[in-house]
Amino acid sequence: MKTVLISGASVAGLTVAYWLRRRGYAPTVIERAPGIRPGGHAIDVRGVALGVLERMGLLTEAQRARTQMRGMSMHDSDGNELWRSTEMTFSSGRLDSEDIELLREDLAQLLYRQTLDGVEYLFNDSLVALDQGTHGVNVSFERGRPRTFDLVVGADGLHSKVRQLAFGEERQFIRHLGPHLAVFSTDNFLNLDNWQVWLQDDTASYCVYPVRDNTEIRATLGFVSEPLDYDHRDTERQKSLLAERMSHLGGDTPRLLKAMWTAPDFYFDAMAQIHMDRWSDDRTVLIGDAGYCPSPLSGQGTSLALVGAYVLADELDRADGDHRTALPRYEERLRPFVELNQALATENPGGMASEESIERAKNAISLDS
């Protein structure tokens, strides 16, 4: 039985672990966090990605977990309402769509439970070195003993360690899009009732919406700037940056910034994309944000993760495990889908891509091709 190490226990890593196990592999998932990471914003599963969930037997559960927004309102920088809609929200699109918006942590938990049979998990650990040989990849870990795997899959996000070890420094592949966003959860002190609120000016904005039967809110705060130099693990510095750049906004900004300081799941990063000429090197391959992050501005990061994981496992199966045949086929089959979806984030800077572009992008691949 071929062994595969998967770095990252989020949507891409959990999905590829499931499909590789189904196809006779022995997957091991390594994750720096002590468990499946909580928190995060609401994400979308659209188009062909819904078919991946259906084939995993998770579509009905995902539909039950979807958010229940009744609409949204847009406010100016002083907090005055400009307009409202009961037909769509910026985060999910049309409310009558078959697409699913749900919390990232809820989808991750669904995927995790589906992989508990036959998948090994190594939490609280990470990779420090990869040495690709003729018969496998020798992997060194921060905590665990060295091991050898037939394949290594990097599903470890925008700042992928696997990508760094196998392909080089991040600066070669990252393209900054301008916005920097923070996401965190807090009590629903705004008393929102399944309603999404946006506030923005030319340089900064926020979006808040309730979850968990209106008991919590998820807040997304952000500003536009040139790339910033900061430690990705220094959350206190990141909070200070956010407070400095957003203190001029009115509305509920002061209350949200106050809640930010004690949020248990604060996350901050630049909105960026990853562009690479190739996603594989010998026995190492990238999926999801590690290889082709479209940024949350596209609304398609989760769908790319689901579909990319499925296609990789499918091509390995079709090639009877021969990675030299399967990995180039994976790239050839997936790249047009990736390019269309990455373009959604840049088609209309500062706004949403057109409905026509979204519809074309989210279905631009077949699971059976």
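Residues numbered from 1 in each chain as written. Predicted model: local features only at pLDDT ≥ 70, side-chain atom pairs only at ≥ 80, totals over all residues. Heavy atoms only, no water.

Caption draft 1: Up close: the overall build of the protein chain. When you go through the protein chain residue by residue, the secondary structure sums to 11 helices and 20 strands. Within the protein chain, the fraction of its 369 residues that count as buried is 56%. The contacts in the protein chain between residues at least 6 apart in sequence include a share of 69% that link residues at least 24 apart. Carbon and sulfur atoms make up 45% of the accessible area of the protein chain, which totals about 16200 Å². (Helix = DSSP H or I, 4+ residues; strand = E, 2+ residues; numbered from the N terminus. Buried < 20%, exposed > 50% of the residue type's maximum accessible area, 1.4 Å probe, protein only. Contact = heavy atoms within 4.5 Å. Areas by Shrake-Rupley, 256 points an atom, 1.4 Å probe, with all protein chains shown as cover.)

Caption draft 2: Examining the packing of aromatic side chains more closely. The final tally for this structure, using the stated rule, is 12 aromatic pairs. For the pair Phe 90 and Trp 198, a centre-to-centre distance of 5.2 Å together with 75° between the ring planes defines the contact as edge-to-face. Placement of the pair is Phe 90 in the loop between strand E6 (88-89) and strand E7 (93-94) and Trp 198 in strand E15 (residues 195-200), with a sequence separation of 108 residues. Over the ring of Phe 266 we find Lys 239; its NZ or CZ atom is 5.3 Å from the centre of that ring. When the ring centre of Trp 279 is taken as reference, the NZ or CZ atom of Arg 335 above it lies at 4.2 Å. (Phe/Tyr/Trp six-rings, centres within 6.5 Å; stacked < 30°, edge-to-face > 60°. Lys NZ or Arg CZ within 6 Å of the ring centre and 35° of its normal.)

Caption draft 3: Representation of the state of the cysteines in the model. For the coordinates displayed, the defined rule picks out zero disulfides. Residue Cys 207 stays outside any disulfide, its sulfur separated by 19 Å from that of Cys 293, the closest cysteine. Residue class for Cys 293 comes out buried when judged on its relative accessible area of 4%. (Disulfide = S-S within 2.5 Å.)

Caption draft 4: Region of the structure containing the sheet that holds E15. Ordered by their spatial adjacency, seven strands build an open sheet running E5-E4-E15-E16-E17-E14-E18, and the pairing between neighbours is mixed. Since the sheet does not close on itself, it has two edges, and those belong to strand E5 (81-85) and strand E18 (267-274), each with one partner. Ignoring strand direction, the axes of neighbouring strands in this sheet form an average angle of 20°. Strand direction decides the pairing type here: strand E14 (residues 174-187) and strand E17 (residues 216-224), joined by nine bridges, are antiparallel. (Pairing = 2+ DSSP bridges. Axes fitted to C-alpha atoms, helices over the stretch in contact; angles between N-to-C directions.)

Caption draft 5: Structural context of the environment of Ala 272. Structurally, Ala 272 is set in strand E18. The spacing of Ala 272 and Pro 179 is 93 residues in sequence and 8.4 Å in space, taken between C-alpha atoms. If sequence neighbours within four positions are ignored, Ala 272 has contacts with Leu 158, Ile 174, Arg 175, His 176, Leu 177, Cys 293, Pro 294 and Ser 295.

Caption draft 6: Structural detail: the layout of surface pockets. Quantified by volume, the second largest pocket comes out at close to 260 Å³. The wall of the second largest pocket is formed by 13 residues, among which Gly 93, Arg 94, Glu 355, Ile 358 and Glu 359 lie closest to the centre. Contributing elements (two or more residues each) for the lining of the second largest pocket: E7 and helix H11 (355-362). Tallying contributions element by element places H11 first for the lining of the second largest pocket, with four residues. Across the lining of the second largest pocket, the residue classes break down as four nonpolar, three polar and six charged. (1 Å grid on protein atoms, 1.4 Å probe; cavity = no way out; pocket = protein on both sides within 12 Å on 5 of 7 lines; lining within 4 Å. Points joined across faces, edges and corners; volume = space filled by probe spheres on them. Nonpolar A, V, L, I, M, F, W, Y, C, P; charged D, E, K, R; others polar.)

Caption draft 7: Broad picture of the sheet that holds strand E11 (residues 137-141). Read across the sheet, three strands follow the order E10-E11-E12 without closing on themselves; strand pairing throughout is antiparallel. What marks the edges here is a single partner per strand, and that holds for strand E10 (127-132) and strand E12 (147-149). The mean inter-strand angle of the sheet, taken between neighbouring strand axes irrespective of direction, is 30°.

Caption draft 8: Highlighting the packing of helix H1 (residues 11-22) against helix H4 (residues 104-114). Interaxial distance between H1 and H4 falls to 9 Å at its minimum, and their mutual angle equals 25°. Taken together, the axes of H1 and H4 lie roughly parallel to each other. Handedness of the crossing formed by H1 with H4: left-handed. Contact with H1, carried on its side by Val 11, Leu 14, Thr 15 and Tyr 18, involves Leu 107, Ala 108, Leu 111, Tyr 112 and Gln 114 of H4 and no other residues of that element. Its residues placed into classes, the contact of H1 with H4 shows seven nonpolar, two polar and no charged. (Parallel < 35°, antiparallel > 145°, perpendicular 65-115°, else oblique. Left-handed = near helix turned anticlockwise from the far one by under 90°.)

Caption draft 9: Structural view of the packing of helix H6 (residues 235-246) against helix H7 (residues 253-260). Two elements in contact, H6 and H7, have axes whose closest approach is 11 Å; the angle formed by their N-to-C orientations is 170°. Judged by the inter-axis angle, H6 sits roughly antiparallel to H7. Within the contact between the two elements, H6 uses Lys 239, Leu 242, Ala 243 and Met 246 and H7 uses Thr 253, Leu 257 and Met 260.

Caption draft 10: Structural detail: unusual backbone geometry. You will see that Asn 194, though not glycine, has its phi angle at about 45°, which is positive. Looking at the element boundaries, Asn 194 is found in the loop between E14 and E15. Phi at Asp 213 takes a positive value of approximately 55°, unusual for a residue other than glycine. Within the fold, Asp 213 resides in the loop between strand E16 (204-211) and E17. Residue Asp 213 is classed as exposed on the basis of its relative accessible area of 77%.

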